[in-house]
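Topology and contacts: notes
This is what each chain is made of:
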Amino acid sequence: MPVADFLDLAARPPRPRTAGLTHVLDPGIGPGALADVLAGAGHLIDIWKVGWGTAYVDATLDAKVAGLSAAGIDLCLGGTMLEIAWAQGHTEKCLAWAKDAGFTRVEVSRGTVPMTLAEKSALIARAARDFAVLAEVGSKAPGEMHAARHWPAECCSDLDAGASLVVTEGRQSGTVGTFDEQGRVRPEVVESVVAAVGVERVVFEAPRSSQQAWFVRRFGPEVNLGNVVPGDVLSVETLRLGLRSDTAVLSVPSLAGAEPA
C-alpha cells in the first residue's frame, strides 16, 4: 500500500529524537500484544517503560527486550521496582540485573518509599553511571507527600544529579500529581516546572487522550508525553500531527482555489 503523504501536517523528526518523545507504559502485556503494537506503531515509540515491578515476574522479558531492541526503542525500568530495591539495600543488585537484562534507561522516583531529596540525588548519580535516568517528581497518592510547589526545585536538583529527563507524576490513572482527581490538568504545576527546567527536559505523564491533547495544544507536537497506553500510540501521533479534531488547525481554501466536489 502506498504511503499517504498528501496532507500538510506538523513536521516530526525521525528517531532517535530529543523532543516529541512518546513514552509508553507497559503494564505487563504479552509477546503477541507487543508484536501487534510494534507492527503498527513501533516506529512512533521512543521509550518503553516496563511498569512497576512487572519486569521482575515477566517470564517473557527476554523476548520483549529482543523485540524492542530490534525496533530501536529504549527500554526503561519502572521506578517503583528500583525504589523497593533501594529500600531493601539491593540497589547494586537491581541495577546490575537491569543492565544484564538489556535496559538502557531507568526511572528514579520517590513516590512509594520514603526517600529524602539528598538520597534521591545519590541514587540518580549512581544509576547515571550505567543508564540514561528519568527522574520522576511527585507522589502516587492523592494529596501527595511531596507538594507540587516543590517540584521545580526538585527537577533542577534531579538534572544536576545526572538525570537526562524529569518526569511529572500522573500515574496510569491520570488523577494525581499533574492532574486533579477528575483528571484535569493543573496548569500552574505544569508551567512552574517548565519555567524551571524548560519543556524539552520534561516528560509529562498523560495517559488520557484529553490530557495529551491539552499538552499538544499548549506546547506543540514536540512535547514529550509519558505513560501512553500501548494501544494508544497511533492515537497520540494523530494528536501531534493535527489529525484529530482536538488538535486540528484547518485552513479552509477559498472558492477560487478549492478542489471540485
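Here, every reference points to the structure presented above.
Residues numbered from 1 in each chain as written. Predicted model: local features only at pLDDT ≥ 70, side-chain atom pairs only at ≥ 80, totals over all residues. Heavy atoms only, no water.

Grouped together as the largest cluster of nonpolar side chains are 59 residues, with contacts concentrated most on W48, L77, F103, F215 and L225. Here this core takes five residues from helix 8 (residues 187-197), the largest share from any one element. The contacts of L225, once residues within four sequence positions are left out, are L21, T22, H23, V203, F204, A206, Q212, F215, V216, V236 and R240. (Core = buried A, V, L, I, M, F, W, Y, C linked by side-chain atoms within 4.5 Å. Buried < 20%, exposed > 50% of the residue type's maximum accessible area, 1.4 Å probe, protein only. Helix = DSSP H or I, 4+ residues; strand = E, 2+ residues; numbered from the N terminus. Contact = heavy atoms within 4.5 Å.)

Before going further, it helps to spend a moment on the packing of aromatic side chains. Per the counting criterion, the structure on display carries five aromatic pairs. Taking the centre distance of 4.6 Å and the plane angle of 20 degrees together, the rings of F204 and F215 count as stacked. With F204 in strand 7 (residues 202-205) and F215 in helix 9 (residues 209-219), this pair connects stretches of sequence that are 11 residues apart. F215 shares its class with F204; the two are buried. One aromatic cluster in this structure is built from F179, F204, W214, F215 and F219. (Phe/Tyr/Trp six-rings, centres within 6.5 Å; stacked < 30°, edge-to-face > 60°.)

Applying the stated criterion across every chain yields a total of 18 salt bridges. As a salt-bridge pair, K64 and D58 come within 3.0 Å of each other at their nearest N and O atoms. With respect to class, K64 is no different from D58; both count as buried. With a shortest N-O distance of 2.9 Å, D130 and R126 are connected by a salt bridge. According to the relative accessible area criterion, D130 is partly exposed, its value standing at 31%. The class for R126 is buried, based on a relative accessible area of 13%. Here the salt bridges do not stand alone but share partners, grouping E92, K99, R126 and D130 into one network. (Salt bridge = Lys/Arg side-chain N within 4 Å of Asp/Glu carboxyl O.)

Along any regular strand, the residues point their side chains to alternate faces of the sheet. Side chains L165 and V167 project from strand 6 (residues 165-168) onto one buried face, and the interleaved V166 and T168 project onto a second face that is buried too. Note that strand 5 (residues 132-137) and strand 6 share four bridges and pair parallel. Bridging across to strand 6, V137 finds its partner in T168. For strand 6 and strand 7, the ladder comprises three bridges, and the chain directions are parallel. From the neighbouring strand, V167 faces strand 7, where its bridge partner is V203. (Pairing = 2+ DSSP bridges.)

Any functional reading would require information that these geometric values do not contain.
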